[in-house]
Protein chains: 2
Amino acid sequence: MPKKETKAKLFQGSLDMLILKTLTNGSMHGYSITRHIFEASEEFINVEEGSLYPALHRMARKGWIESSWGTSDSNRRAKFYKLTQKGKKQLKVEQAAWLNMNSAINQILDFRLAKG
Amino acid sequence: MPKKETKAKLFQGSLDMLILKTLTNGSMHGYSITRHIFEASEEFINVEEGSLYPALHRMARKGWIESSWGTSDSNRRAKFYKLTQKGKKQLKVEQAAWLNMNSAINQILDFRLAKG
DNA sequence: CATCTCCCATAGAATGTCTATGTAATATAA
DNA sequence: TTATATTACATAGACATTCTATGGGAGATG
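Residues numbered from 1 in each chain as written. Chains lettered and ligands numbered in written order. Predicted model: local features only at pLDDT ≥ 70, side-chain atom pairs only at ≥ 80, totals over all residues. Heavy atoms only, no water.

> Please set out the overall build of chain A residue by residue, giving values where relevant.
If you tally the helices and strands in chain A, you get 4 helices and 3 strands. Along the chain direction, N to C, the helices and strands of chain A fall in the order α-β-α-α-β-β-α. Relative to its 116 residues, chain A shows a buried fraction of 40%. Considering only residue pairs separated by 6 or more positions, chain A has 48% of its internal contacts joining residues 24 or more positions apart. When the accessible area of chain A is evaluated, it comes to approximately 7400 Å², of which 50% is carbon and sulfur surface. (Helix = DSSP H or I, 4+ residues; strand = E, 2+ residues; numbered from the N terminus. Buried < 20%, exposed > 50% of the residue type's maximum accessible area, 1.4 Å probe, protein only. Contact = heavy atoms within 4.5 Å. Areas by Shrake-Rupley, 256 points an atom, 1.4 Å probe, with all protein chains shown as cover.)

> Lay out the relation of the copies chain B and chain A with the relevant residues and their values.
Once turned by 180° and shifted 0.0 Å along the axis, chain B lies on chain A with an RMSD of 0.0 Å. Both copies are brought into coincidence by an operation consistent with a two-fold rotation axis. The position closest to the rotation axis in chain B is occupied by the C-alpha of Gln12(B), lying 2.4 Å away. When the interface residues of chain B are mapped onto chain A, 100% of them again lie at the interface, so the same face is used by both copies. (Least-squares fit on C-alpha atoms with pLDDT ≥ 70 in both.)

> Tell me about the pairing of strand S2 (residues 65-71) of chain A, and name the residues and values.
All names here are of chain A. In terms of strand pairing, S2 meets strand S3 (residues 77-83) through 7 bridges, oriented antiparallel. When the sheet's bridge partners are listed, Glu66 is paired in S3 with Lys82. Where S2 folds back onto S3 in an antiparallel hairpin, the turn is made up of 5 residues, including Asn75, whose phi is positive at roughly 65°. (Pairing = 2+ DSSP bridges.)

> Can you break down the interface of chain B and chain A residue by residue, with the values?
Taken together, the 33 residues of chain B in the interface contact 33 residues of chain A. Here chain B is connected to chain A by 0 salt bridges. Seen at the junction of chain B and chain A, the total is 7 residue pairs in polar contact (both at pLDDT 80 or more). Elements represented by at least two residues in the side of chain B that touches chain A include exactly helix H1 (15-23), helix H2 (30-40) and helix H4 (85-109) of chain B. (Salt bridge = Lys/Arg side-chain N within 4 Å of Asp/Glu carboxyl O. Polar contact = N/O pair within 3.5 Å; in protein donor to acceptor, adjacent residues only side chain to side chain.)

> How would you explain the sheet that holds strand S1 (residues 28-29) of chain B if you had to name every residue and give the values?
Whenever strands of a sheet pair, they do so through backbone hydrogen bonds, lying parallel or antiparallel. Residues and elements named next belong to chain B. Spatially, 3 strands are ordered S1-S3-S2 in an open sheet, and the strand pairing comes out antiparallel. A single partner strand is all that each edge strand has here, and the edge strands are S1 and strand S2 (65-71). On the sheet, H1 packs against S1, S2 and strand S3 (77-83) and is oriented at approximately 95° with respect to S3. (Axes fitted to C-alpha atoms, helices over the stretch in contact; angles between N-to-C directions.)

> Describe helix H3 (residues 49-61) of chain B, listing the residues and the values that go with them.
All names here are of chain B. Its 13 residues place the ends of H3 18 Å apart at the C-alpha level, agreeing with the 18 Å of an ideal helix rising 1.5 Å per residue. Within the span of H3, buried status applies to Leu52, Ala55, Leu56 and Met59. On an axial view of H3, the arc spanned by its buried residues comes to 100°, and they lie on one face. Turned more than 90 degrees away from the buried face of H3, the exposed residues are Gly50 and Arg61. Structurally, H3 contributes buried residues whose contacts are with H1, H2, S2 and S3. Phi turns positive one or two residues past the end of H3, at Gly63, with a value near 80°. (Expected span 1.5 Å × (residues − 1). Arc of directions from axis to C-beta.)

> Describe the protein's contact with DNA strand D, with residues and values.
Lining the immediate surroundings of DNA strand D are 28 residues, of which Gln12(A), Ser51(A), Tyr31(B), Ser72(B) and Lys79(B) lie closest. Take the atoms of DNA strand D that sit within 4 Å of the protein: sugar and phosphate atoms are 69% of them. The separation between a base nitrogen of DNA strand D and a polar side-chain atom of Arg76(A) is 3.1 Å. Interatomic distance of 2.7 Å between a backbone N/O atom of Tyr31(B) and a phosphate oxygen of DNA strand D. Mapped by element, the contributors of at least two residues to the surface near DNA strand D are helix H3 (49-61) of chain A together with H2, H3 and S3 of chain B. Among the elements that take part in the surface near DNA strand D, H3(B) stands out by supplying 5 residues, more than any other. Across the surface near DNA strand D, the residue classes tally to 7 nonpolar, 13 polar and 8 charged. (Near = heavy atom within 4 Å. Nonpolar A, V, L, I, M, F, W, Y, C, P; charged D, E, K, R; others polar.)

> Account for the environment of Tyr31(A), naming residues and giving values.
Residue and element names in this part refer to chain A. Among the structural elements, Tyr31 can be located in helix H2 (residues 30-40). Spatially, the C-alpha atom of Tyr31 lies 12 Å from that of Ser51, the residues being 20 residues apart in sequence. For Tyr31, the residues in contact, after removing those within four places along its chain, are Glu49, Leu52 and Tyr53.

Nothing here speaks to function; it is all geometry.
This is the structure:
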């Protein structure tokens, strides 16, 4: 066996935020979004296509992102997504929630009984 | 309306870790576990009973915790759970995964294009 | 011309959390 | 002593999100 691939599973609920954040770097097509997330996370987070596309469609339905067909760097048909104002607001909301939950969880992980 | 209760939803996959960690403080019954988590998180994380008990049963099935009936501080019948060796190992695994994912996500959130 | 990489998409499984509901015993307040 | 609140366990079913698996097509590469 080549490598201990422990397949880092995403915490459910965090993908939207990662996509929104990635799109603050500018309009991007789906495939490219996963590449960015992969690289930005030092190859730790690999968003599966079966997670990505449903998420993008969901987010478009909610008005957080908008799509338009175009041509990718490698000259292929690709659907480009860009953040809407609503999406920018949503990102802020999700980042705040993330920070709160993050600190709450870390507090529990470091929790020590210091009574008396 | 009294308060803006934005109901902090748990990221799916983190509850087991919180329970395991809580039980490192010693044997505890279910209801008490949620109280501990609630207080340790500064009243941010309120684990619903519909989440808690299925989680406990799941974890018992996996051999991470063991249960036995006893009497609570308030003199009621309660099922006490304690960590097994397997559970302690599992906690380490989940904490490591949490730290990795945590740092990966935070990296993305702080991601800035610094090319050139 | 074959293969690889890029790019989109969906169905269905798996998982875990939530809401809602039910039960029951003890503690507390009226 | 009766009503209410709190403690404590439990499950069913809804819901949401991610995953695996699969399919297709078009341009790049050898």
